[in-house]
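Spelled out, the chains give:
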Amino acid sequence: MAEDSLTIAGEAIPARWLRDHGEDEASRHPDSLQRRTDTFAIDSSVQITACHVDGDRLHIDWSDGATTEHSVDGLTRVVRDRRAPAPATDRPLRFPDDITLWSRPPEPSAFDVGVLDDDALWREALDHLRRFGWVAFEGAELGDEPTRRLAARLGYVRNSIFGDIWPMNSGAFEHQDSAYESFALDVHTDGTYSHDAPGTIIFAQQARTGDGGASVLVDGFAAARDFQALNPDGADLLTRYSVRAHFIEPGLHLVAERPPLRVDPEGQLVQVSFNNYDRSPVLPIDGFVDAVIDAYNGFRAIFSDPARALVHPWEPGRLLVLDNWRCFHGRTSFTGERRFLGCYTNHEDLEGAYRVAGLA
Ligand SMILES: [Fe+2]
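Residues numbered from 1 in each chain as written. Predicted model: local features only at pLDDT ≥ 70, side-chain atom pairs only at ≥ 80, totals over all residues. Heavy atoms only, no water.

(A) Fine view of the domain arrangement of the protein. Here the protein is partitioned into domain 1 (5-80) and domain 2 (94-360). If you average the C-alpha positions of domain 1 and of domain 2, the two centres end up 30 Å apart. Of the roughly 1800 Å² buried at the junction of domain 1 and domain 2 (both faces included), carbon and sulfur atoms supply 50%. Contact with domain 2 buries surface across domain 1, with Arg16, Gln34 and Phe40 losing the most and accounting together for 39% of the total. Remark: the boundary between domain 1 and domain 2 carries 3 salt bridges. Note that Asp294 is salt-bridged to Arg16, the shortest N-O span being 2.9 Å. (Domains from an automatic or database assignment. Buried area = accessible area lost by both parts, 1.4 Å probe. Salt bridge = Lys/Arg side-chain N within 4 Å of Asp/Glu carboxyl O.)

If you want it as structure tokens, here you go:
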């Protein structure tokens, strides 16, 4: 047997999609349902070599040596919920022309935290954030006060499922989320499971021993521009196909969806969204499965190129703000203790801060 699809509820589900959506512990976390399968390592021609059904469980053996398990009931729902992209428009994807799109990382730099107390110097820092999508500060006291002062400059601290200012400490698993592990974290945006994803993320390092654990930043707008140059149809599809995501832990089940490249009515890019850990099992309708998977994987191949990554060095007393609608962030693997404070602010407040400062 070597099949490139499997018929469930009368519909053929493509093998490459099934291979990515196992429900066994090797394929996804049993509680948070965060993806463990390496989507981007799956061969597009992967085939089913054997399968059998045992009650509600479907067991599949794969041509790449893997085995996966699935729920027949769950796959029946996937067939029912197949999604079409929104209709094409005559407005091609375009990009703001008053910011600095960077395909190669600028030099890491940091303002002295004292700029928070000086309107003219703060305006320079804010302009750096507007142009590049991130800005760093050094020399801050430990504790949450500098983070609160910085958030107040950007709007106000946004409460979320993580709290207002949340500790993120190695070895302390406050949430069932990959962010609390010590392995390398693929670059992503936060809050793909939120209808209104956080506008900015502030990180403030509190303590550090051991090696690794640098933050990695990538300009998502520059990556989208470069992907469009390579694959205009793929980029267009990512403005029209909504990707669903979830966050699940006891007492919580959040779901939201939007296109990876969200545009305004004129076709200008407004927001990038991408977190493969949190992506939910949704199947495009016939005729779009390969196109959507190829576009999704193709965009990821562009933005995960290490040559694009700004590796941000950390030491206690440093703060970093990133525009979560523009920049992807990730982390290298690490050893030892790594303690941070983090918080979110809203994007409309960030945009308002730009206007008030005369920057937009
Ligand atoms: Fe994150």
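After presenting the structure, the write-up continues.
(B) Geometry of helix H4 (residues 145-154). Buried within H4 we find Pro146, Thr147, Leu150, Ala151 and Leu154. Angularly, the buried residues of H4 cover 135° about the axis, an arc narrow enough to put them on a single face. Gly155 sits one or two residues past H4 and shows a positive phi near 140°. (Buried < 20%, exposed > 50% of the residue type's maximum accessible area, 1.4 Å probe, protein only. Helix = DSSP H or I, 4+ residues; strand = E, 2+ residues; numbered from the N terminus. Arc of directions from axis to C-beta.)

(C) Geometry of the sheet that holds strand E11 (residues 215-219). Taking strand neighbours across the sheet as the criterion, the 4 strands line up as E9-E18-E11-E16 in an open arrangement whose pairing is antiparallel. At either end of the open sheet lies a strand with only one pairing partner, and these are strand E9 (185-188) and strand E16 (310-312). Taken pair by pair, the neighbouring strands of this sheet meet at an average axis angle of 20°, ignoring direction. Here E11 runs beside E16; their pairing, made up of 3 bridges, is antiparallel. Counterpart to Leu217 in the pairing with E16 is Leu310. (Pairing = 2+ DSSP bridges. Axes fitted to C-alpha atoms, helices over the stretch in contact; angles between N-to-C directions.)

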